[in-house]
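Structural overview
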Amino acid sequence: MSLVIVGSVAFDTIRTPWGDREKIVGGSVPYCSLAASFFTRPRMVGVVGRDFPRKTIALLKARGVDLRGLRIKAGKTMHWEGKYEDDPNKRSTVRTELNVFDDFRPEIPPAYRNSSIVYLANINPAHHEFILKQFRKPALVAMDTIRLWIDTQREALLKELGRVNIFFANDEEARSITGESNLISAGKALIRLGPSLVLLKKGEHGALVFGRDFVFGVLGHPCEHVIDPTGAGDSFAGGFLGYLDGREGLHVRDVRRAAVYGSILASFTIEDFGIGRLETLDPGLVEARFRQFRKLTAF
Ligand code: AMP
């Protein structure tokens, strides 16, 4: 069992119509590793400044996250600010201060090099090669992307899609990469670009999962009070890959369960600001929501 998560560790300032938070812990890696920690002992790779809270490091350790790949550098931790309108699926970036993340060239610790799953979260596709060549031969490589790379690194992104096994994207990203406005066509077009699995996240409505010869949907847990949607995508990926880390290969039955767990972890994350809900969550609550999910989709 070995899942490595490479990406951002940040302070986030979040503005929503129902409340604001200044510089709380965020970034793709904390969300993803906390979500994955319900199924496996994720290995994280990231960089923070000396201003990063020890309390969060202690929390990650207590959850069994392997921190040997976390660098603490002189300087400031990345800071991102996002703003949501009334529709929680619509978010704009107000500012991004990359700080120590700016020139981050991840060094993979020797102990991680034989890992079986590598997840490249929000990483500039032009840096994938440098990271992946440090691994022996992972069974699965997964990635997601952000608008910035679609707009500025299109060729590198398409090249990376040609070699990864799993791709996570939201509906808007899928449309803009493929030029297809219909999501089913967009999902199929992404599969033709290379990955054997494509997960299209549709915010509070769940996700569509595409394979070479199947497509299925997974609901979002019905949640009436969304507090902060930040990190939902990373938590989905963490739940999904964390569950798969204990399985062999990509069997459809496992992929279905993994997608349900991804959706469930994301549904907890959005119930509080930042990683707040993941901090207090326990495995019993995850399983209880899994059982509720069964009832919700039974017919
Ligand atoms: P999500 O809501 O799952 O799409 O991811 C939100 C997280 O992405 C936030 O916690 C941010 O800190 C992080 N993030 C925002 N912009 C960037 C960027 N340019 N590079 C890496 N991470 C970012």
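Structure shown above.
Read on for an overview of the structure. The residue numbers shown here count from 1 along each chain, following its written sequence. For a predicted model such as this one, the threshold for reporting local features is a pLDDT of at least 70, and the threshold for listing and counting side-chain atom pairs is 80 or more; totals across whole chains, interfaces and linings nevertheless cover every residue. Water and hydrogen atoms play no part in the side-chain values, which are based on all heavy atoms of the structure.

1. As for the layout of surface pockets
In this model, the second largest pocket occupies a volume close to 290 Å³. Grid spacing is 1 Å over the protein atoms alone, the probe is 1.4 Å, and a cavity is where that probe fits but cannot get out, while a pocket is an open set with protein on both sides within 12 Å along at least five of seven lines and lining residues have an atom within 4 Å of a point. Taken together, 13 residues form the lining of the second largest pocket, with R256, R257, V260, F290 and R294 sitting closest to its centre. Looking at the lining of the second largest pocket, the elements with two or more residues in it are β13 (215–218), α9 (252–269) and α11 (283–297). Where helices and strands are cited, they refer to DSSP runs of H or I of at least four residues and of E of at least two residues respectively, numbered from the N terminus. A per-element tally of the lining of the second largest pocket places α9 first, with five residues. By residue class, the composition of the lining of the second largest pocket is seven nonpolar, two polar and four charged. Grid points are joined across faces, edges and corners, and a volume is the space filled by probe spheres set on the points. Throughout, the ten residues Ala, Val, Leu, Ile, Met, Phe, Trp, Tyr, Cys and Pro are labelled nonpolar, Asp, Glu, Lys and Arg are labelled charged, and all others, Gly among them, are labelled polar.

2. Some details on the sheet that holds strand β7 (residues 91–97)
Note: two strands are recorded as paired if DSSP finds a minimum of 2 bridges between them. Read across the open sheet, the four strands follow the order β3-β2-β6-β7; overall the sheet is mixed. Edge positions in the sheet fall to β3 (19–26) and β7, since each has one partner strand and no second. Along the sheet, successive strands turn relative to each other by an average axial angle of 15°, direction set aside. Judged from the six bridges that link them, strand β2 (residues 10–16) and strand β6 (residues 78–84) form a sheet pairing that is parallel. Residue pairing for β6: I14 is matched across the bridge by G82. What counts as an axis is a line fitted to C-alpha atoms, over the stretch in contact for a helix, and the angles between N-to-C directions run from 0 to 180 degrees.

3. Looking at the site of the ligand
Nearness is defined per residue: one heavy atom within 4 Å of the molecule or strand is enough. As a structural note, the neighbourhood of the ligand is formed by 17 residues, with S8, D12, G27, G231 and D234 the closest of them. Here a polar contact is taken to be a pair of N or O atoms separated by no more than 3.5 Å, where protein atoms must pair a possible hydrogen donor with a possible acceptor and residues adjacent in sequence count only if both atoms sit in side chains. Separating a nitrogen atom of the ligand from a side-chain N or O atom of S8 is a distance of 2.8 Å. Measuring from an oxygen atom of the ligand, one finds a backbone N or O atom of G27 at 2.7 Å. In the complex, the protein chains occlude 89% of the 510 Å² of accessible area that the ligand would expose alone. Put simply, the parts of the chain that give the shell around the ligand at least two residues each are β2, β6 and α8 (232–244). Element by element, the count of residues in the shell around the ligand is highest for α8, at three residues. Looking at the shell around the ligand residue by residue, the classes come out as seven nonpolar, seven polar and three charged. Throughout, the Shrake-Rupley method with a 1.4 Å probe supplies accessible areas, and for residues the shown protein chains are the sole cover considered.

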